Amino acid sequence: MSHFTQNTAVTPYWKRVLFSDVLVNKSVAGRIACMGVVAALCIVTNMFEIKFASVQFSLTVFSSVLAGIIIGPLFGFCAVFLGDAVGYLYNSMGYPYYWWVALSVAASAFVSGLIMGLPFRFKGAVYVKLALISILTLLVCSVGINTTGMYYIGLNIYFPNNVKQAIAEKFGGEFSFWIYCAIRYFILGQIYNNIVNYALLFAVVPLLNAVKPFKLRIK
């Protein structure tokens, strides 16, 4: 049995909701330092984006999930929400603050922290957990929170009516939620951004076993 699964088995559930196994046995100073580093990472990834054709690439999903894995569900949620807010203040580019975007990435940290705390006890469990994280954060956080918020709140408040009407006419007079999903993920390319972020997680998270401050030892 791995060091990670042993810790998970003896850690009370309420502590696993607050902290990851990386932080649960650290001092208060160590927890604060680790949370500060992760919050800084979230701020940096919210500041910078790369646009390729119609696809806007960022590492927000990667840093959000990593926050939940490293510092735990609840504190990961707080760090990511803070990181998104500070990143917006630095790089708003004149756009209004989309609070549902902050909620979706913060929820990604919360979901990821809960899943990584599951007491799976078999070799390769980390990859199963990462697969679950990828599926659930895509469906619940990206589609369920971010895309839903943008469709029902963002488009109605910030999108010009003539543009919405033009899109509706192109799709037979109806601009439904699912049409918007198809446009957002497959025409504007959000799905490709998600795939890049999830692939990076599969590459980086197992390597954290070798990083001395973390020593996750997840298998």
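Structure first, text after, so check above.
Scoring rules and cut-offs
Residues numbered from 1 in each chain as written. Predicted model: local features only at pLDDT ≥ 70, side-chain atom pairs only at ≥ 80, totals over all residues. Heavy atoms only, no water. Helix = DSSP H or I, 4+ residues; strand = E, 2+ residues; numbered from the N terminus. Buried < 20%, exposed > 50% of the residue type's maximum accessible area, 1.4 Å probe, protein only. Contact = heavy atoms within 4.5 Å. Areas by Shrake-Rupley, 256 points an atom, 1.4 Å probe, with all protein chains shown as cover. Patch = residues over 30% accessible without salt bridge, like charges linked within 9 Å, V, L, I, M, F, W, Y side chains within 5 Å. Salt bridge = Lys/Arg side-chain N within 4 Å of Asp/Glu carboxyl O. Phe/Tyr/Trp six-rings, centres within 6.5 Å; stacked < 30°, edge-to-face > 60°. Expected span 1.5 Å × (residues − 1).

## Comments concerning the overall build of the protein chain
Stage number 1. Of the regular secondary structure elements, the protein chain holds 10 helices and 2 strands.
Stage number 2. The buried share among the 219 residues of the protein chain stands at 46%.
Stage number 3. Within the protein chain, contacts between residues separated by at least 24 positions form 71% of all contacts whose residues are at least 6 apart in sequence.
Stage number 4. Accessible surface for the protein chain amounts to roughly 11300 Å². Of this, 70% is attributable to carbon and sulfur atoms.

## Comments concerning a nonpolar patch on the surface
Stage number 1. Taken together, Leu118, Phe122, Val128, Leu132, Ile135, Leu136, Leu139 and Val140 make up a surface patch of nonpolar side chains, about 630 Å² in accessible area.
Stage number 2. Along the chain, Ile135 falls in helix α7 (residues 125–158).
Stage number 3. Judged by relative accessible area, Ile135 falls into the partly exposed class, the value being 49%.

## Comments concerning the packing of aromatic side chains
Where two aromatic rings form a pair, the distance of their centres and the angle of their planes describe that pair.
Stage number 1. Enumeration according to the criterion identifies 10 aromatic pairs in this entry.
Stage number 2. Seen in terms of ring centroids, Tyr98 and Trp100 are 5.0 Å apart; in terms of plane orientation they differ by 20°. Their pairing is stacked.
Stage number 3. On the accessibility criterion, Trp100 (2% relative accessible area) is buried.
Stage number 4. Plain terms: the ring middles of Tyr152 and Phe177 are 6.2 Å apart, the flat faces sit at 15° to each other, and that makes the pair stacked. Here Phe177 lies in helix α9 (residues 177–187) and Tyr152 lies in helix α7, a separation of 25 residues in the sequence.

## Observations regarding helix α6 (residues 99–116)
Stage number 1. Between its first and last C-alpha atoms α6 spans 26 Å; for 18 residues at 1.5 Å apiece the expected length is 26 Å, and the two agree.
Stage number 2. Burial within α6 is extensive, with 13 of its 18 residues counted as buried.

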